[in-house]
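# Residue-level structural notes
As a plain string of letters, each chain reads:
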Amino acid sequence: QQIQQATSMTTDNHISRKHPTIHVGILSLGNKEDKYAKNIAESIRQLAPDRFDVTIVGEEDSKVDVLIVPNSSKAEHYIQKNGRPSIVLSELSLDNITSDRRIFYDLLQAHRQESILKKLPVRAYANRDGSATCNVVVRREHIEIDGKMILKPCMERPASAQNADFRIYYPKSSGGGCKHLQTGRFHADLDDVRPDGSYIYEELMDYVDAPEKIDQRRYRKRDRMRDAAYSAIPSLDMKGEIPHYDDDDDITYESDLLSRTDRKFYIVTTASLPWMTGTAVNPLLRAAYLARGRPKGSVTLVIPWLSNEEDRKQLYGKYDFKTPDDQEAHVRQWLREKAHMPEEADPQTGLQILWYDSRYHTIFKSIFSVEDICKLIPDESADVCVLEEPEHLNWFRAEGDSWTKKFNFTVGIVHTNYKAYAGAQIGGTIAAPVISGMSTLVVRAYCNKIIKLSPVLQTFSPEKEIVCNVHGVRGDFVSEGERRAKDAKQNGTDHPIEGARAYFVGKILWAKGLDKLMNLQHFYRKTTGSYFPIDIIGDGPELEEIRRAYLGRSTANKSMISNEGGGNLSSFDFDMPKTIREFRRTPIPANFLGRHEHFEKGHGDKYKIFINPSVTEVLCTTTAEALAMGKFAIIPAHPSNVFFLQFPNCLSYQNKLEFAANLRWALEHEPEPLTAELTHQFTWEAATDRFIAASAITMREERIRSKAQKSKIDDRIAAFHIAISKGKRGDVARILAGAGPVARQSGKWQPYFDNFRHRAYGAIETTVFFAQDYFVWFLLSIVLIIIPIRNLISVAAVGNTEL
């Protein structure tokens, strides 16, 4: 409080010296001791002692800004000798001035003299006379009166000229609080303005040293709020260390998503149902749970619409959506029937859905926007934005505003370890650092807070990020866990279920850990003498290759023929083997069951052990679902699995021997029933609470950010990225980066490509399409260009340079 008071006193002195004053002269009728002139002077001086310099003048005195004359003939002599003032007021009603401060302000404003208007404060009236009402909202850095914004520090003057109780309210970035000028006392915990009576609110700004600030102060609200948050902190000591204060744990106004019930959320993601991927399901459920209990229109889910029919057929298969409304009906049906959220699925009372045009990139197997999403969102409702996969949303983004300028607060949730995926591909030595550097730049530039689902992800911006699991599981899995816990209490856990099997659920890809699972099978056989049976649930492009590797070539062929009811063996006998594993003599007892949910009826008691050896996931949803159902989960001790280690049924291993020991123990025992507290951790209600808590920025974090002084760098990165995304230049940049079907977003290149198709430039077009579809090979071909900038990008990724 002493620091805040000292800071505020300094601010008062600065204000008293610097803000402009209006020189008012009252022309005396006879001499300077005129009582009538004295009464007028005292009345105007009491209106605003810091704004009006009032003197009694005679015919020989110097020039003033405003001349008040009771006699017009006297005024002519004064004007002839001293020059005409900016404003001359005659026949002034003293009773009106002494009753209401607003009258004199408006009287000066009405003359529209530029020299006076520059000195008049930016002000707003809170009129509560009689039955009149007004809407006053107190923000961290400003006050809004009926929609008009007054920046802090600001003066609060009673409209009644008889009341001299003036107060100054300070911005939170300078410590906040209020000072009573009558008593000189400072109240550090008083930020709310007076709710009763009429008041004038004036900005206290410094215009003497920099008059151009008069025009600059009207720049956008979000810029002011951002700049105020990163302004210099006067309470830093000489060593630059940030001391601890009582308000260290207080939440900043912009990041407060809990107590402010009027917030409007936009959840922007990169996928949509019926594509059953994490970036389609999790953002949908997050938006639905945020919308629960909030007014209609508070939460909007922004999802991609594949404008190309071929893209929809390739990605959605049997679902034939002709319009976004058709797909929206499917999304709401899933939310109503699968997630059991009928109120949130109702478009009249629940979640709102907004679509943006997009294309499917077959090489990246991802959806990318082909229009500026920010333009689709009205400015008046652009409050809180949640970017699901912010790097994915911004790699090939169209030209437009920065997310942090469009919205008051932007949160980025990082789902995927793209650096690891890129490193595993051909040319990954070059592609991985390039993708890592680009992801770092766009994430830190477009997010106020970064949430990483697990510590396995790379560092983007240390002062902005936090590691937190903000995902939950559907109620069906939690209900299954509660059922199993109830049965365990009734029947006991001493007698294991006969015939219970282990299983794996996920996309059928080698990258999902199925190669590691095969190695674990070999070790288990080596130590116990036999493989352990396992059911593999899921589908994927490498299903047939993996099935043959597990079952052996001959067993896999017989199994497929029996499943299809006969067929021609030649197609299996003579096609080329994918791996040498197909020639195994002893098949692994694995059943490939296709895609279905692992809580479905008939599978609840059949499985009690979930095995997931993958280490490429950021946070595996199927592991969370298995633990929520009260089953054992045998997973590697890896940073991506840190969240799961708190649960008693999670059996982690560091090597193959520990895996075999965990599996043997799990086969002979029953899982421990989950308590209500542990079960709650899996729910989306708990995940939503964790999201709100993880999004918050404390006052101490704000001070650390201010000391780091990275905001200007982030703004420059965003400006540069937006600049290279514009027009033809942006199209060329996206083509060279491998954007493929989402490269040409400006539309300015289309006539040229149409010309190529009608002329003999097919070779050039083929080269361009080859470059964008096989970007890794293209990067290899220009390796001499990339290598010099590779180190710069890598260093920028860990924050050791300021670009």
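To be clear, the structure that these remarks concern was listed above.
Definitions and cut-offs
- Residues numbered from 1 in each chain as written.
- Predicted model: local features only at pLDDT ≥ 70, side-chain atom pairs only at ≥ 80, totals over all residues.
- Heavy atoms only, no water.
- Helix = DSSP H or I, 4+ residues; strand = E, 2+ residues; numbered from the N terminus.
- Contact = heavy atoms within 4.5 Å.
- Areas by Shrake-Rupley, 256 points an atom, 1.4 Å probe, with all protein chains shown as cover.
- Buried < 20%, exposed > 50% of the residue type's maximum accessible area, 1.4 Å probe, protein only.
- Pairing = 2+ DSSP bridges.
- Arc of directions from axis to C-beta.
- Polar contact = N/O pair within 3.5 Å; in protein donor to acceptor, adjacent residues only side chain to side chain.
- Salt bridge = Lys/Arg side-chain N within 4 Å of Asp/Glu carboxyl O.

The subject of this paragraph is the overall build of the protein chain. Counting secondary structure elements, the protein chain contains 32 helices and 27 strands. Expressed as a percentage of contacts within the protein chain between residues at least 6 apart in sequence, the contacts between residues at least 24 apart total 68%. As presented, the protein chain carries roughly 37,500 Å² of accessible surface, and 52% of it is formed by carbon and sulfur atoms.

Regular strands place side chains that alternate from one sheet face to the opposite one. Among the 5 residues of strand β25 (residues 607-611), 5 are classified as buried, and the element is accordingly described as predominantly covered. Pairing of strand β22 (residues 501-505) with β25 involves 3 bridges; the strand directions are parallel. Bridge pairing in β25 places R501 opposite Y607. In this sheet, strand β26 (residues 632-636) lies alongside β25 in parallel orientation, the contact comprising 3 bridges.

Now for helix α10 (residues 309-316). Among all positions in α10, only D311, R312, L315 and Y316 are buried. All buried residues of α10 fall inside an arc of 100 degrees around its axis, so they share one side. The backbone nitrogen of E310 lies 2.9 Å from a side-chain oxygen of the residue at the head of α10, namely N308. With its phi angle positive at about 65 degrees, G317 sits one or two positions after the end of α10.

Before going further, it helps to spend a moment on the pattern of salt bridges. For the structure shown, the criterion picks out 36 salt bridges. Its salt-bridge partner being E309, residue K322 comes within 4.0 Å of it at the nearest N-O pair. Residue K322 is found in the loop between α10 and α11 (324-337), and its partner E309 is found in helix α10; the two are separated by 13 residues along the sequence. Using a relative accessible area of 37% as the deciding quantity, one classes E309 as partly exposed. For R397, the salt bridge identified is with D372, shortest N-O distance 3.6 Å. Of this pair, R397 sits in the loop between α13 (390-394) and α14 (403-406) while D372 is found in the loop between β17 (366-369) and β18 (384-388), placing the two residues 25 residues apart along the sequence. Like R397, the residue D372 is buried in the burial classification. Taken together, the shared-partner salt bridges connect E156, D165, R167 and R194 into one network.

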